[in-house]
Structures are given as structure tokens and as C-alpha cells.
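Residues per chain, in single letters:
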Amino acid sequence: MRKRIALAFSLLVILNLNAVHAQVITGDSIFESLSSEAGNPLRGRAIVASRQTGLCLLCHSGPFPEERFQGNLAPELKASVARLSAPQLRARIVNAAHFNPQTIMPAYYQTGHLNRVAPKFVGQTILNGQEIEDVVAFLMTLNNQN
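Residues numbered from 1 in each chain as written. Predicted model: local features only at pLDDT ≥ 70, side-chain atom pairs only at ≥ 80, totals over all residues. Heavy atoms only, no water.

Novice: Hey, could you run me through helix α4 (residues 86-94) in this one?
Specialist: Quick reminder: α-helices carry 3.6 residues per turn. Residues three or four places apart thus point the same way. Of all nine residues in α4, seven are buried; the element is thus mostly enclosed. Listed in full, the buried residues belonging to α4 are Pro87, Gln88, Leu89, Arg90, Ala91, Ile93 and Val94. Of the surrounding elements, those touching the buried residues of α4 are α3 (77-81) and α5 (129-144). (Buried < 20%, exposed > 50% of the residue type's maximum accessible area, 1.4 Å probe, protein only. Helix = DSSP H or I, 4+ residues; strand = E, 2+ residues; numbered from the N terminus. Contact = heavy atoms within 4.5 Å.)

Encoded structure:
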């Protein structure tokens, strides 16, 4: 019995170390960074363009002339981000359903209240906090292009 309790406690500690801390959406924004390092726009661009990591181009199109078959289910990225600040973008990437419950955009930094998650992915986020900060940094460069 003690071994089971010790095992259960160990698993809880491990899971807690990997847990995503709840992000507070204030109004329409998340003001606190999700990482201790500033976002890197070059890494963010790579994540957005990746067909294995961000998967953004499945639905969105953007300034990626090297990428074929960009999506048309969601607005073009530059148009999507034109009116949003970094905290507003962060909130939408963390959990777009907070703003539109019918959205098809996944919650990139949420582990609870999700549907049809494969067992091996339960408790994991799609992107980690640093990756989200990198994506936000890249998307902000689209705001600065005129």
C-alpha cells in the first residue's frame, strides 16, 4: 500500500512540474509573458510556417512565398493581426475559444477542457510558453510592415 501511495505521489509531482500554469485573460489580453525569455521573431516564423509544429498554414495564409498550399479557412495572418496588440495575440493563441466558442483554432497553451485528445497527448500543450512568445514576436513584425 505504501508503494502505491509513494508511486501516486511521485506521479503527481512529475505531472505538476510539467503543468501549464493558468493564464489570466484580462479583458481581451494576457499581459504576462509565458516565458522568461523575449520572443524571437525568426523562431516564431519557423513555428508558424511549420507543418509539424504550429500548423498555422493549414487554415491561414501569410507572407511565406516558399510554402505551397496555404490555408483559406481563416483570415490571412497579416489581416488577422493588424488590429491586435501582443497581449491580445497571446490570449488568442493560448485559447481562441475564449473569444469565439465556435472557432476551429486550437488552444495552443491549454491542457484542460479539450475535446478528442489522443491519450498520449493528454496534459500536454501544443506549443510551450517560449514558442508562443516567439510566434507573438513574429506576428508583431507583420503589424510593423507597411
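Novice: Whenever I open this one, a nonpolar patch on the surface confuses me. Can you help?
Specialist: A surface patch of nonpolar side chains, about 330 Å² in accessible area, is lined by Leu114, Val117, Phe121 and Val122. You can see Leu114 is positioned in the loop between α4 and α5. When its relative accessible area of 35% is taken as the criterion, Leu114 is described as partly exposed. (Patch = residues over 30% accessible without salt bridge, like charges linked within 9 Å, V, L, I, M, F, W, Y side chains within 5 Å. Areas by Shrake-Rupley, 256 points an atom, 1.4 Å probe, with all protein chains shown as cover. Salt bridge = Lys/Arg side-chain N within 4 Å of Asp/Glu carboxyl O.)

Novice: I tried to follow the side chain of Ser50 on my own but got confused; where do I start?
Specialist: The topology assignment puts Ser50 in the loop between α2 (41-49) and α3. A relative accessible area of 16% means that Ser50 is categorised as buried. One polar contact links the side chain of Ser50 to the main-chain amide nitrogen of Thr53, over a distance of 2.9 Å. (Polar contact = N/O pair within 3.5 Å; in protein donor to acceptor, adjacent residues only side chain to side chain.)

Novice: Is there a simple way to think about the nonpolar core in this case?
Specialist: Grouped together as the largest cluster of nonpolar side chains are 24 residues, with contacts concentrated most on Val48, Phe64, Ile93, Ile132, Val135 and Leu139. For this core, the elements supplying multiple residues, two or more each, are α2, α3, α4 and α5. Per element, the largest residue contribution to this core is six residues, and it comes from α5. (Core = buried A, V, L, I, M, F, W, Y, C linked by side-chain atoms within 4.5 Å.)

Novice: It is not clear to me how unusual backbone geometry should be interpreted in this structure. Could you clarify?
Specialist: Residues apart from glycine generally show negative phi values, whereas peptide bonds are mostly found in trans. Phi is positive for Phe69, close to 60 degrees, though the residue is something other than glycine. Topologically, Phe69 is positioned in the loop between α2 and α3. Of note, His113 is a non-glycine position whose phi angle comes to about 60 degrees, a positive value. For His113, the location among the structural elements is in the loop between α4 and α5. Residue class for His113 comes out exposed when judged on its relative accessible area of 82%.

Novice: Would you take a moment to explain the packing of aromatic side chains for this structure?
Specialist: One pair of aromatic rings is described through two measures. These are the centre distance and the angle between the planes. The tally for this structure, following the rule as stated, stands at one aromatic pair. Plain terms: the ring middles of Phe64 and Phe138 are 5.8 Å apart, the flat faces sit at 40 degrees to each other, and that makes the pair tilted. Taken together, the residues span a long stretch of sequence, with Phe64 in the loop between α2 and α3 and Phe138 in helix α5 at a distance of 74 residues. Phe138 shares its class with Phe64; the two are buried. In this arrangement the basic side chain of Arg92 is found over the ring face of Phe99, its NZ or CZ atom lying 4.1 Å from the centre. (Phe/Tyr/Trp six-rings, centres within 6.5 Å; stacked < 30°, edge-to-face > 60°. Lys NZ or Arg CZ within 6 Å of the ring centre and 35° of its normal.)

Novice: Is there a simple way to think about the environment of Glu133 in this case?
Specialist: Considering the arrangement of structural elements, one finds Glu133 in helix α5. On the accessibility criterion, Glu133 (6% relative accessible area) is buried. Sequence-wise, Glu133 and Pro41 are 92 residues apart; in three dimensions their C-alpha atoms are separated by 8.7 Å. Beyond its immediate sequence surroundings of up to four residues, Glu133 is in contact with Ser33, Leu34, Ser35, Gly39 and Arg90. Within polar-contact distance, the side chain of Glu133 engages the backbone nitrogen of Leu34 at 2.9 Å.

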